[in-house]
Every structure is written in structure tokens, then in C-alpha cells.
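One-letter residues, chain by chain:
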Amino acid sequence: MTDILLVLFAGFFTGVTTIMFGFGGGFVVVPFVYHLISASGEQPGQAMHIAVATSAAVMILNAGYATLTHWRSGNLQPETVTPLIFYIGIGAAFGALVSSLLADEAIRLLFVIYMAASIADCLLRRGFLVKPARAELSAATRWVGGPLIGMVATLLGVGGSVMTVPLLRRHGYDMKHCVSAANPLSLPVAVIGALMYVALGWREMAGPQYLGYVNLGILGLLVAAGMAGIVFARRWLPRVDDALHAKIYVLLLIAVTLAISL
């Protein structure tokens, strides 16, 4: 019963962060599912693969619903999505393939390194905490940065928002527009990643609760609670000042990095 309540709480918090920060689920789901599976002792050596795969599946519904919500509110700007979404999708397929070649602990270590680098980038390099002037995404950013975002996001199950939000912020967009764009930009990562992890784990995992590497029981609870969290955040949480929004974003990055490290 305790495990179920913890999953529901994590799912609800995932929904809130999806709306407020564009995380789509991976940001919260990966550390949570990793610790839950590790503590249970089931599927030894596969906890991180299960966490990343389940995260990708959660993001399909969370990010999809959040995208619709942001579009209806008028926060979703096409110029923040269309230049990158195709290239991110290409990189997503490569990320899932690379994941199948890495050991569980290697993926966890890469997750920690990736998060630490993202935190340092937000804090030490200009253009995130203080919004710069508006600038267009360059061809190099689309052709190189897009596939890189897709590959890393699918490999680590974070949906890409930890890269796309700072990227768009440094091109002069308000946090609400960066967050709104992060959800549709997470969809190709979520769909391609989930399908790849189902296929790659088809012969590796045993038990009716698994579809490939995706844990269906945890997935169902996370999605149901996540939808409730999205509705709650949209209707009852107050609007946050742009500068404060950026600072809270960095604090959450730090919290998740500590959670999976410890």
C-alpha cells in the first residue's frame, strides 16, 4: 500500500512539473522508478533501463495532454517547436539503440553527469537566469543540437526539456514559452523511445507487468495521478514571475540530481 501511495504522489508531482516546467515526466519518473525497482530486488541489473523506458511511456500521455493545455492557453508558439521537432525525433532513435548497449550503472552515471552539466550551464553561463534579447535558432542548432537533444533525452529518459528549455531561454523566450514548447518537443522522444524500449526489452523481461522494459503497473498509476497533477497545476497554482520561474527550474534540477545520486 505504501508503494502505491508513493507512486501516486510521484505521478501527481510529475503532472505539476509537466505544466510548470515542461518536464513531461522523465525528470521525476526516472529517479523515482529507479529507486523503487532497485529496492524491490526484482529484475536485478535492469532498474535504470526500466526507469528510462517507463519514463518514456509516461511522457507520451503527460506531454501530449500538457501540449494541448498550453496550446489552448495561447502560450505555445510555433517558432519554438517546428525548427527542432523533426531533428529531435531522428536523434531519439539513436539514443534508444545506444541505451541497449550500456550497462544499467553506466546509464545512471550518465544521468547524473548530464544533470550536473545542465545545472552548471544554467548557473555559470549567461542567458538563462536573465533573459537575453530574442534571436533565431541557427541552422547548426537545428541540425546538430536537435539530434543531440533527441539522443541524450531518449538515452536517459528525460524527455529533452532539460536541454530545450535552456536552449530556448538563451534565444530570448519567456519561461512560459520555453516550458510550453518543451512538451511537444518531448513527444518524438517519448513515442520513439517507448517503442524502441518495448522492442529492445521484449526478450529480456519476464512477467505480465512488463511490456519490454516498460513496467505497466507503475505506468498506469503514474499516468492517472499525473493527469490529476496537470489539472491541479493548471487551475489552482498561481502564475510565477519569469525570473523566479527560471530560479525554481534550476533548484528542481539540483533536487533530482541529488535524489538519483544518493
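It should be emphasised that the depicted structure is a prediction, and the values quoted were computed from it without experimental measurement.

**Q** Would you mind going over the overall build of the protein in detail, with residue names and values included?
**A** The number of helices and strands found in the protein is 10 helices and 2 strands. Ordered by position in the sequence, the α and β elements of the protein form the string α-α-α-α-α-α-α-α-β-β-α-α. Here the C-alpha radius of gyration of the protein, 17 Å, is about what a compact globule of 262 residues would show, namely 18 Å. For the C-alpha atoms alone, the extent of the protein along its principal axes is close to 50 × 40 × 30 Å. Expressed as a percentage of the 262 residues in the protein, the buried residues total 54%. Long-range pairs, those at least 24 residues apart, make up 83% of the contacts in the protein with a sequence separation of at least 6. Of note, the protein has its 15 positive side-chain charges centred 10 Å away from the centre of its 11 negative side-chain charges.

**Q** How would you summarise the pattern of salt bridges if you had to cite specific residues and measurements?
**A** For side chains bearing opposite charge, pairing can occur when the charged atoms are close. Under the definition given, this model contains 5 salt bridges. The salt bridge involving Arg108 is made with Glu105; its shortest N-O contact spans 2.9 Å. With Arg108 and Glu105 both in helix α5 (residues 104–124), this residue pair falls 3 residues apart, about one helical turn. The class of Glu105 is partly exposed, set by a relative accessible area of 43%. Here the salt bridges do not stand alone but share partners, grouping Asp121, Arg125 and Arg170 into one network.

**Q** Can you explain the packing of helix α8 (residues 175–200) against helix α10 (residues 242–261)? Please cite residues and give values.
**A** α10 packs onto α8 with a crossing angle of 50° between their chain directions and a minimal axis gap of 9 Å. It follows that α8 is oblique to α10 by the angle criterion. Residue-level contacts link Met175, Lys176 and Val179 of α8 to Asp242, His245, Ala246 and Tyr249 of α10. For the contact of α8 with α10, the residue count by class is 4 nonpolar, 1 polar and 2 charged.

**Q** Mind laying out the UniProt feature "transmembrane region" (unreviewed entry) in the protein, listing which residues take part and the relevant values?
**A** Here the UniProt-annotated "transmembrane region" (unreviewed entry) positions come out as residues 6–34, 46–64, 84–102, 109–128, 148–168, 180–200, 212–232 and 244–261. Across residues 46–64, the secondary structure splits into 95% helix and 0% strand, with the terminal C-alpha atoms separated by 27 Å. The straight-line gap between the two end C-alpha atoms of residues 244–261 is 26 Å; of that span, 100% is helix and 0% is strand.

**Q** Go over the packing of aromatic side chains, please, and point to the residues and values.
**A** Inspection of the entire model under this criterion finds 5 aromatic pairs. A centroid spacing of 6.4 Å and a plane angle of 55° characterise the contact between Phe21 and Tyr249, whose relative ring orientation is tilted. Of this pair, Phe21 sits in helix α1 (residues 2–21) while Tyr249 sits in helix α10; the two residues are 228 residues apart in sequence, bridging distant segments of the chain. Here Phe21 and Tyr249 have matching classes, each one buried. The rings of Phe12, Phe232 and Trp236 are connected pair by pair, giving a single aromatic cluster. Directly above the aromatic system of Tyr173 lies the positively charged group of Arg134, at a separation of 4.0 Å from the ring centroid.

**Q** Lay out a nonpolar patch on the surface with the relevant residues and their values.
**A** Together, Leu123, Leu124, Leu251, Ile254 and Leu258 make up a nonpolar patch on the protein surface, roughly 510 Å² of accessible area in all. Among the secondary structure elements, those contributing two or more residues to the nonpolar patch are α5 and α10. With 3 residues, α10 is the single largest residue contributor to the nonpolar patch. Summarising the element assignment, Leu258 is placed in helix α10.

**Q** Pulling in residues and values, what's your account of the environment of His70?
**A** The topology assignment puts His70 in helix α3 (residues 47–73). Linking His70 and Pro184, residues 114 residues apart in sequence, is a C-alpha distance of 9.8 Å. Once residues lying within four places of it in the same chain are set aside, the contact partners of His70 are Thr18, Ile19, Asn75, Leu76, Val179, Ser180, Asn183 and Arg234.

What counts, and where the lines are drawn
Residue positions are given per chain, counted from 1 along the sequence in the order it is written. Side-chain atom pairs in this predicted model are given and counted only at pLDDT of 80 or more, local residue features only at pLDDT of at least 70, and totals for whole chains, interfaces and linings cover all residues. The side-chain figures draw on all heavy atoms in the structure; neither hydrogens nor water molecules are used. A run of DSSP states H or I qualifies as a helix once it reaches four residues; a run of E qualifies as a strand once it reaches two. Both are numbered from the N-terminal end. Just to be clear, the radius of gyration here is over C-alpha atoms, and the globule rule we use is 2.2 Å times residues to the power 0.38. Summary of the burial criterion: residues with accessible area below 20% of their type's maximum are buried, those above 50% are exposed, and those between are partly exposed, where the area comes from a 1.4 Å probe applied to protein chains only. Throughout, a residue-residue contact means that at least one pair of heavy atoms, one from each residue, lies within 4.5 Å. Counted charges follow a simple rule, with Lys and Arg positive, Asp and Glu negative, and His plus the chain ends left uncounted. Here the site of a charge means NZ on Lys, CZ on Arg, CG on Asp, or CD on Glu. In the sections that follow, a salt bridge refers to a side-chain nitrogen of Lys or Arg positioned within 4 Å of a carboxyl oxygen of Asp or Glu. With axes taken as lines fitted to C-alpha atoms, and helix axes fitted only over the stretch in contact, angles between N-to-C directions fall between 0 and 180 degrees. Note on angle classes: values under 35 degrees are labelled roughly parallel, values over 145 roughly antiparallel, values of 65 to 115 roughly perpendicular, and the remainder oblique. Residues are sorted three ways: Asp, Glu, Lys and Arg are charged, Ala, Val, Leu, Ile, Met, Phe, Trp, Tyr, Cys and Pro are nonpolar, and all the rest, Gly among them, are polar. UniProt positions are given in the numbering used here, feature names are shortened, and annotations may be inferred rather than shown by experiment. Each aromatic pair joins two rings of Phe, Tyr and Trp (for Trp, the six-membered one) with centres within 6.5 Å, and gets the label stacked for planes under 30 degrees apart, edge-to-face for over 60, and tilted for any other angle. Put simply, a charge is over a ring when the Lys NZ or the Arg CZ is close to the ring centre, within 6 Å, and near the line of the ring normal, within 35 degrees. To count toward a patch, a residue needs a relative accessible area over 30% and no salt bridge; like charges are then connected within 9 Å, while nonpolar side chains (Val, Leu, Ile, Met, Phe, Trp, Tyr) are connected within 5 Å. Areas reported as accessible are Shrake-Rupley estimates using a 1.4 Å probe. Residue values count occlusion only from the protein chains shown.

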